[in-house]
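Listed below, chain by chain, are the residues.
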Amino acid sequence: MARFDDPNELAALGIGTRAIHAGQEPEPVTGAVMTPVFQTSTYAQPKPAEWPWEYSRTHNPTRNALQACIASLESGRHGVSFSSGMAAIDTAIRLLPPGSHVLCGDDVYGGTYRLFTKCWAPLGYRFTFMDTTNPELVVPDDVDMVWVESPTNPLLKVTDIAALVQKAHAVGAIVVVDNTFATPIFQRPLELGADVVVHSTTKYINGHSDVVGGVLVTSDDALHDKMCFLQNSVGAVPGPWDCFLQLRGLKTLHLRMERHQASAQELSAWLAERDDVDKVHYPGFSGMVSFVLKGDIKAASRFVQATRVFTLAESLGGVESLIELPAIMTHASVPPEVRAEIGLPDGLIRLSIGVENLADLKADLEHAFAAAANG
Ligand SMILES: *Cc1c(COP(=O)(O)O)cnc(C)c1O
């Protein structure tokens with residue numbers, strides 16, 4: 001029954017084929033093609049403690065399928081799923097003993113910054129924020145973990161992951177890459193030497209704005225053992241239904257990302273040509289674009305309220321296009337002086353380009369430019 005039992009055979013398949021099949025064998029009782037929602041908390045045991053399935057915090061077949069699928073897409077051996085991206089990130093920090101020093105990118109997701117500075121720093125962990133996109137960056141000797149988000153959010157700056165991994169490994173630090181914005185379709189950090197990949201699966205991995213979830217992926221067996229221990233001990237696990245939805249979303253990841261990217265490439269070039277736009281941030285791949293509208297925060301605010309196809313909302317990576325003002329929405333938890341330091345202006349507008357028809361997206365933005373100008 002099992003079709004892709006051999007990991008080498010699986011790894012030889014294209015990433016789109018693996019998005020559809022990895023970890024997802026036909027269900028053995030009926031042959032059901034789609035992995036069922038194993039909506040159960042516990043499992044009958046034929047003999048005491050001799051059965052692989054005991055309790056759904058520890059193991060669940062729907063979750064296992066999801067974990068195996070994402071691991072395969074990231075070219076990793078192991079995936080460990082969580083109930084949110086933040087729970088996955090929290091677990092990654094728990095891999096380190098108290099007193100550890102984390103070197104973190106200076107333009108990371110606002111919630112990551114808040115978790116590190118407000119929850120973990122008071123417990124004796126040290127965080128140093130630096131620009132990981134700077135090729136001259138020196139990784140201090142006492143660093144235990146380097147935390148990279150690439151492209152960054154919302155300025156979409158790109159880090160040379162392979163070069164940073166070399167510097168980090170030279171001082172004995174492990175490297176964690178938040179790959180939420182790039183997805184494994186465009187960037188696979190484990191292939192570049194990183195030790196752990198993290199995703200907010202809420203975004204492109206699930207892709208339909210109907211689940212909050214997270215995952216850690218690694219090929220290191222010892223790190224994986226620790227992650228599973230923490231997943232079971234802390235208990236921030238996703239329910240089977242959320243795992244099912246993520247598996248379903250993943251089946252079109254490669255198709256969605258092609259369209260997100262094609263439209264983002266078109267729209268970023270179109271924005272860059274405009275006189276009413278100061279600066280466009282687009283790394284050349286994936287589906288996120290940000291830009292600075294000429295004028296004040298009020299004009300930017302009129303802009304984001306004028307779109308109809310783009311929905312004014314936090315989050316990203318779904319099939320529907322979203323628009324937001326990072327300074328007062330997603331990045332409000334980053335202090336104003338830090339925002340000024342990293343060059344995040346109040347008038348920066350972030351777009352998550354969905355998979356609607358490009359002409360409609362363009363017309364919608366055109367309308368918003370007019371509304372912003374007519375304040
Ligand atoms: C959304 C996001 C997170 C947090 O994930 P949740 O699923 O919202 O908990 C972490 N990193 C990045 C880059 C994100 O966009």
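Rules behind the numbers
- Residues numbered from 1 in each chain as written.
- Predicted model: local features only at pLDDT ≥ 70, side-chain atom pairs only at ≥ 80, totals over all residues.
- Heavy atoms only, no water.
- Core = buried A, V, L, I, M, F, W, Y, C linked by side-chain atoms within 4.5 Å.
- Buried < 20%, exposed > 50% of the residue type's maximum accessible area, 1.4 Å probe, protein only.
- Helix = DSSP H or I, 4+ residues; strand = E, 2+ residues; numbered from the N terminus.
- Contact = heavy atoms within 4.5 Å.
- Domains from an automatic or database assignment.
- Buried area = accessible area lost by both parts, 1.4 Å probe.
- Pairing = 2+ DSSP bridges.
- Salt bridge = Lys/Arg side-chain N within 4 Å of Asp/Glu carboxyl O.
- Near = heavy atom within 4 Å.
- Polar contact = N/O pair within 3.5 Å; in protein donor to acceptor, adjacent residues only side chain to side chain.
- Areas by Shrake-Rupley, 256 points an atom, 1.4 Å probe, with all protein chains shown as cover.
- 1 Å grid on protein atoms, 1.4 Å probe; cavity = no way out; pocket = protein on both sides within 12 Å on 5 of 7 lines; lining within 4 Å.
- Sits in = over half its atoms within 2 Å of the grid points.
- Nonpolar A, V, L, I, M, F, W, Y, C, P; charged D, E, K, R; others polar.
- Points joined across faces, edges and corners; volume = space filled by probe spheres on them.
- Axes fitted to C-alpha atoms, helices over the stretch in contact; angles between N-to-C directions.
- Left-handed = near helix turned anticlockwise from the far one by under 90°.
- Parallel < 35°, antiparallel > 145°, perpendicular 65-115°, else oblique.
- Disulfide = S-S within 2.5 Å.

Visitor: Looking at this structure, how should I read the nonpolar core?
Guide: Nonpolar side chains in soluble globular proteins tend to end up buried together. Of all hydrophobic cores here, the largest spans 30 residues; its most connected members are Ile93, Phe116, Met145, Trp147 and Leu216. With five residues, the single largest contributor to this core is helix 4 (residues 85-94). Apart from residues no more than four positions distant in its own chain, Ile93 is found in contact with Val102, Phe116, Trp120, Tyr125, Phe127, Met145 and Trp147.

Visitor: I would appreciate a short explanation of the domain arrangement of the protein in the present structure.
Guide: Interfaces are frequently sized by the accessible area removed from exposure as the parts join. Annotation of the protein at the domain level lists domain 1 (7-250) and domain 2 (253-373). Relative placement of domain 1 and domain 2: their C-alpha centres are 27 Å apart. With 34 residues of domain 1 at the interface, the matching set in domain 2 holds 32 residues. Regarding the contact of domain 1 and domain 2, the summed buried area is about 2700 Å², with carbon and sulfur atoms giving 68% of it.

Visitor: What is the right way to look at the sheet that holds strand 9 (residues 288-293) in this model?
Guide: Within a beta sheet, neighbouring strands are joined by backbone hydrogen bonds and run either parallel or antiparallel to one another. Spatially, 8-9-12-11-10 is the arrangement adopted by the five strands of the open sheet, whose pairing is mixed. Looking at the sheet topology across the chains shown, the edges are occupied by strand 8 (277-281) and strand 10 (311-312). Bridging between strand 10 and strand 11 (residues 322-324) involves two bridges; their strand directions are parallel. Residue pairing for strand 11: Thr311 is matched across the bridge by Leu322.

Visitor: What am I meant to see in the pattern of salt bridges here?
Guide: When the charged atoms of two side chains lie near each other, side chains of opposite charge can form a pair. Considering all chains together, one arrives at ten salt bridges under this definition. In this structure, Asp276 and Arg274 form a salt bridge, with 2.9 Å as the shortest nitrogen-oxygen distance. The partly exposed category is assigned to Asp276, whose relative accessible area is 26%. The partner of Arg339 in a salt bridge is Asp346, with the nearest N and O atoms 4.0 Å apart. On the basis of relative accessible area, Arg339 is assigned to the buried category, the value being 10%. Residue Asp346 is classed as partly exposed on the basis of its relative accessible area, which comes to 42%. Where salt bridges share partners, they join Arg274, Asp276 and Glu366 into one cluster.

Visitor: How should the site of the ligand be read in this particular structure?
Guide: Close to the ligand lie 15 residues, the nearest being Met86, Asp178, Ser200, Thr202 and Lys203. Contact between the ligand and Lys203: an oxygen atom at 2.7 Å from a side-chain N or O atom of the residue. Here the ligand loses 93% of its free accessible area of 380 Å² to cover by the protein chains. Of the pockets mapped on this structure, the ligand occupies the second largest pocket. In terms of residue count, the dominant contributor to the shell around the ligand is helix 4 (three residues). Each residue belonging to the shell around the ligand can be placed in one class, and the counts come to six nonpolar, six polar and three charged.

Visitor: Would you explain empty space enclosed by the protein in this entry?
Guide: One simple way to see leftover space: roll a probe sized like a water molecule over the atoms. For the coordinates displayed, the defined rule picks out one cavity of 30 Å³ or more. Split into classes, the residues belonging to the lining of the largest cavity amount to four nonpolar, one polar and two charged.

Visitor: Help me understand the packing of helix 3 (residues 61-73) against helix 9 (residues 240-250), please; the structure alone is not making it clear to me.
Guide: Two measures define how a pair of helices packs: the angle their axes make with one another and the distance between the axes. Between helix 3 and helix 9, the least distance of the axes is 8 Å, while the angle of their chain directions is 35°. The crossing of helix 3 and helix 9 is left-handed. Across the interface between the two elements, Thr62, Arg63, Ala65, Leu66, Cys69, Ile70 and Leu73 of helix 3 pack against Pro240, Cys243, Phe244, Gln246, Leu247 and Leu250 of helix 9. When the residues that make up the contact of helix 3 with helix 9 are grouped by side-chain class, the tally is ten nonpolar, two polar and one charged.

Visitor: How should unusual backbone geometry be read in this particular structure?
Guide: Among all residues except glycine, the phi angle is most often negative; among peptide bonds, the trans geometry is most common. Cis rather than trans, the peptide bond between Ser150 and Pro151 has omega equal to -5°. Secondary-structure assignment places Pro151 in the loop between strand 4 (145-149) and helix 6 (161-170). The residue after Asn153, namely Pro154, is reached through a cis peptide bond having omega 10°. Here Pro154 is to be found in the loop between strand 4 and helix 6. For Leu156, which is not glycine, the phi dihedral falls at a positive 60°.

Visitor: Help me out: how do you make sense of helix 5 (residues 110-120) in this one?
Guide: For an α-helix, 3.6 residues make a turn, and residues three or four places apart therefore share a direction. Those residues of helix 5 not exposed but buried are Gly110, Gly111, Thr112, Tyr113, Leu115, Phe116 and Trp120. Turning to helix 5, the residues buried within the fold contact helix 4, strand 2 (101-105), strand 3 (126-130), strand 4 and helix 12 (336-341).

Visitor: Would you explain the packing of helix 4 against helix 5 in this entry?
Guide: Relative to each other, helix 4 and helix 5 sit at 45°, their axes nearing to 11 Å. Between helix 4 and helix 5, the crossing angle belongs to the class labelled oblique. Helix 4 and helix 5 meet at a crossing whose hand is right-handed. In this structure, helix 4 contributes Met86, Ile89, Asp90, Ile93 and Arg94 to the contact, and helix 5 contributes Gly111, Thr112, Leu115, Phe116 and Trp120. Looking at the contact of helix 4 with helix 5 residue by residue, the class counts come to six nonpolar, two polar and two charged.

Visitor: I would appreciate a short explanation of the state of the cysteines in the present structure.
Guide: Formally, a disulfide is one covalent bond, and it connects the sulfur atom of one cysteine to the sulfur atom of another. Within the structure shown, the criterion is met by zero disulfides. Its sulfur unpaired, Cys228 is 14 Å from the next cysteine sulfur, which belongs to Cys243. In this structure Cys228 comes out as partly exposed when scored by relative accessible area, which is 28%. With no disulfide of its own, Cys243 lies 12 Å from the sulfur of Cys69, the closest cysteine sulfur.

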